[in-house]
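Observations on the model geometry
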Amino acid sequence: VMTCCGLLTIEKKPVPLKGVEVDVEVRDHVASVVSTLNYENSEDNPLEVVFVFPLPGDAAVCHFSAAIGQKQIVAEVKEKQQAHEEYDDALSSGQQAFLLEESDESPDIFSLRVGSLPPGQTASIRLEYVIELALQADHGLRFCLPTVLNPPLPTCSVQGSSLPAAQVPYTLALRLRVSSTRPVSKVESNCSLEPLEHLNAEKTQTTVKLAAGHKCDRDVELLIYYLDAHQPAALVEAGQTSADPLSLMGDPVVMLSLYPDFPQAVLSSPASCGEFVFLLDCSGSMGSPLSRSKTNETRIASARDTLLLLLKSLPMGCYFNIYTFGSSFEHIFPKSVEYTQKTMDEALQKVKRIEANLGGTEILKPLEHIFSQTCVPGQPRQLFVFTDGEVFNTKEVIGLVKKNSGSHRCFSFGIGEGASSALINGLAREGGGHVQFITGTDRMQPKVMQSLTFALQPAVTNVSLVWDLPKEASVTVLSPPIISIFQGQRSLVYAQLSGLSSAAAEGHVTLNYSLAGQPYQNKLHFSLNATQDSRLTVHRLAARTLIRSLEMEGETGGEKVKEEVVKVSVQSGVSSTFTAFIGVNDAGEVIQGPLLSRHIPAPEILGCFFFTKSADLEQQAHPTQTCVPGQPRQIVYVQGRRRTRPVHHGHGQDAAQTSTQPKTAGLMRCCAPVMALARESSSEPPSQDPLLQLVSLQTASGCWSLDSHLAAVLGKTIDELQKAKPQAKG
């Protein structure tokens, strides 16, 4: 049975959340974010306010407090069940209480509860987190503030409300400050910004603000560009003086930023074999417009165009297959086939007919099917995944990818606003691949082709770190083992340093690895003089890394893992699945009267959301798929609109693409706003980009037939092309 999920708040009631203010401070490639949520109860009864909202999946939430009048209440991290009991006890006794927790299913969805807000009273909630900034294909550092929320799934432990983004009644103000050892060349955004302001002549201190009047109709994406910023580095941060000197928070912690430099001989001879598996989301939401500002472009059309560019870029002699999934899953070929002109043409004809008509977003079953197939020795698989949605079992999906990372590399693409950063980042991180987020037409081309280039690089093996520190010092690595390294990409490693003396001056670490059967190493020297940071940014990022690593152990560790997670979370003040922030105003007056509940609507971009019962997948049993000998299989997961640069086996050619007319016939039921958008878009179908037309005419070998179709795309006649053709020699 399919249901449509929409606004859950009581109609015509005032929304208690009046505005959100966000201050972002970026130091090199780490961001500290302070969000302030301002509430006011304009009703006649006390309220319990519930707000479900997204945060980046890799963020370390490290502070939660509330200001009620002149009273400041700082929340503590406690075991989740204990926090819930304290919150309920406070409300039942007429006290004010505040509870912040992350969803059990996905670490990028949080629930905030403000309990017993009296009539006429205001409250200011302060939430802080720190996060690493991802490096993009064009060397920009990406910060994303998720403001768009895909409506929560019915199985989520935290429920929320959603509204079309343009109708969200509260405002958003954002300020960014950048501090770096290198000059800031520019800051770009998908939203309107006020002019960039440099605070010093060296341009190492910069501020910028989101333009006034911003509507919550998209995630806020900021791209920060430094001059020559991406070099290996290490930062040692001093521990907290009040903490146990032998604990994570008491000892110094080092953050290594490694940028391996591969030999040119390896880079100049990419692999010409492999098995590439493309897994494409065809759930109902993929038929929605890419964004509210681009209503004539659908996500599924963009996915088809992106797949076209990738297929045209595969090397001759490789093997490939294409899967589509929703509530069920299908494949184009019974098993992977050799990449030839015939098989490419057959695949493209089927890709053109792909629609967003497979119901819900259930990715676990197709992944289980792909992973269950026997791999041929020496032929790693490469998986490319494309999706636009949130799934209800994020941790189970990521755990499955991690379990199979020894035989498959997974490259993931998050398409459009509202994509789950926890899912997309987790697939690539645990699958030894690379992640890309596609939020518009710009930058799509280099991102997609960067991932394909990485997939064609030989897998790095035998990775290890060798530390050289003063004899009195010891090191405890907090990050999981490095399982993937790509040319020019950053690898972050956190480690706890114990026993350092004040006289210790320098240490170094050596990254050893094997590439194409040859051993290599990169050595980094760094100062052991610890810097002071009152926010303990590096410590908290290290704690977040350790917590996520422990959580990924899942059921295998049982209660011992949970106890260790709770211990690290409480000591560091960083949130986890098993803990929550709880604050109680036990000095306030007892609040009288019935307590009403109000769910704050979060912005969403679909207008509706689809839930379907799973099909009986056993009725769609697929023959056993075996990896082709010598052909590593690649799987890629993508969400969004893209622009790509196809690989032409020796010659480069830019190719942009636009989406085709949106298809809605496959949707069983759709909300009126989405249907209206589809009708608007169908009245003016966009013309196909000439470069995409050019790519569509390219043969599997990377050439073009000299015919009328090619002439038409180039705006020439056959005779003109014939005259321009070089004469054959001798």
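None of these values were measured; they are calculated from a predicted model. (Residues numbered from 1 in each chain as written. Predicted model: local features only at pLDDT ≥ 70, side-chain atom pairs only at ≥ 80, totals over all residues. Heavy atoms only, no water.)

**Quick look at helix H4 (residues 341–351)**
The line we're drawing: The classification of residues rests on relative accessible area computed with a 1.4 Å probe and restricted to protein chains. Under 20% of the type maximum is buried, over 50% is exposed, and intermediate values are partly exposed. Helical segments are the DSSP runs of H or I of at least four residues, strand segments are the runs of E of at least two, and each set is numbered from the N terminus. It is the directions from the helix axis to the C-beta atoms whose arc is reported.
By the burial criterion, the buried members of H4 are Thr343, Met344, Ala347, Leu348 and Val351. When H4 is viewed along its axis, its buried side chains cluster within an angular range of 135° and face the same direction.

**Re the environment of Lys350**
When you line up the elements, Lys350 lands in helix H4. The sequence separation of Lys350 and Ile322 amounts to 28 residues, and the corresponding C-alpha distance is 9.7 Å.

**Side note on the sheet that holds strand S30 (residues 461–468)**
Which entries qualify depends on this criterion: What makes two strands pair is DSSP finding at least two bridges between them. Axis lines are fitted to C-alpha atoms, over the contacting stretch for helices. Their N-to-C directions set the angle, which ranges from 0 to 180 degrees.
Spatial ordering of the open sheet is given by S30-S33-S34, a layout of 3 strands whose pairing is antiparallel. The two strands at the open ends of the sheet, each matched to only one other strand, are S30 and strand S34 (518–527). Across the sheet, the mean angle from the axis of one strand to that of its neighbour is 15°, orientation sign disregarded. Note that strand S33 (residues 506–515) and S34 share 10 bridges and pair antiparallel. Bridged to Tyr513 within S34 is Tyr520.

**Digging into unusual backbone geometry**
The backbone phi angle of His139 is positive, close to 75°, even though this residue is not glycine. With respect to the helices, strands and loops of the structure, His139 is situated in the loop between strand S11 (134–135) and strand S12 (141–145). In the Ramachandran plot, Lys203 falls in the positive-phi region, its phi being about 60° despite a non-glycine side chain. By the secondary structure assignment, Lys203 is in the loop between strand S16 (197–198) and strand S17 (205–209).

**Details of the packing of aromatic side chains**
Put simply, the rule is: Here a Phe, Tyr or Trp ring, Trp counted by its six-membered ring, pairs with any other such ring whose centre lies within 6.5 Å, and the pair is stacked when the planes are under 30 degrees apart, edge-to-face when over 60, and tilted otherwise. As a reminder, the over-ring test applies to NZ of lysine and CZ of arginine, requiring each to be within 6 Å of the ring centre and within 35 degrees of the ring normal.
For the structure shown, the criterion picks out 13 aromatic pairs. Taking 6.2 Å as the distance between ring centres and 35° as the angle between the ring planes, the aromatic pair formed by Phe276 and Phe384 counts as tilted. With Phe276 in strand S21 (residues 275–281) and Phe384 in strand S27 (residues 381–387), this residue pair connects regions lying 108 residues apart in the sequence. Like Phe384, Phe276 is buried. The interplanar angle of 15° and the centroid separation of 5.2 Å between the aromatic rings of Phe384 and Phe411 together place this pair among those described as stacked. With Phe384 in strand S27 and Phe411 in strand S28 (residues 408–415), this residue pair connects regions lying 27 residues apart in the sequence. Phe411 shares its class with Phe384; the two are buried. Lying across the ring of Tyr225, Lys186 places its NZ or CZ 4.7 Å from the centre.

**Quick word on the sheet that holds strand S31 (residues 474–477)**
Within the open sheet, the 4 strands sit side by side as S19-S20-S32-S31. Their pairing is antiparallel. The open sheet terminates on both sides in strands that have one partner only, identified here as strand S19 (233–237) and S31. For this sheet the average axis-to-axis angle between neighbouring strands, irrespective of direction, equals 25°. Sheet topology note: the S19/strand S20 (residues 253–258) ladder contains 5 bridges and is antiparallel. Each residue of the ladder has a partner; that of Ala233, found in S20, is Ser257.

**Side note on the confidence of the model for the protein chain**
Applicable threshold: Confidence of the predictor in every single residue is expressed as pLDDT, which spans 0 to 100. By definition in these notes, contact holds between two residues if any of their heavy atoms fall within 4.5 Å.
Taken over all residues, the pLDDT of the protein chain has a mean of 78, while the share at 70 or more is 78%. By mean pLDDT, the top-scoring element of the protein chain is strand S7 (residues 76–79) (96), and the lowest-scoring one is strand S1 (residues 3–4) (28). Under a pLDDT of 50 for its full length, residues 151–158 has, in the predicted model, 28 contacts with residues more than four places off or in other chains. The model gives residues 632–687 a pLDDT under 50, and that stretch makes 226 contacts with residues more than four places away or in other chains.

**Describing helix H10 (residues 558–572)**
Here is the rule we go by: Multiplying one less than the number of residues by 1.5 Å gives the expected span of a helix.
Helix length check: H10 (15 residues) gives 22 Å between terminal C-alpha atoms against 21 Å at 1.5 Å per residue, within 8%. All of the buried residues in H10 are Val561, Val565, Val566, Val568, Ser569 and Ser572. Seen along its axis, H10 keeps its buried residues to an arc of 170°; they face one direction. Within H10, the exposed residues directed more than 90 degrees away from the buried face are Glu559, Lys560 and Glu563. Tucked inside the fold, the buried residues of H10 contact S7, helix H9 (537–552) and strand S35 (579–585). Backbone geometry just after H10 places Gly573 at a positive phi near 75°.

**Brief notes about the pairing of S33**
By the criterion of burial, S33 is predominantly enclosed, with 9 of the 10 residues buried. The sheet contact formed by S30 and S33 spans 6 bridges and is antiparallel. If you follow Thr461 over to S33, its bridge partner there is Ser514. Here S33 folds back onto S34 in antiparallel fashion, the turn holding 2 residues, of which Ala516 has a positive phi close to 55°.

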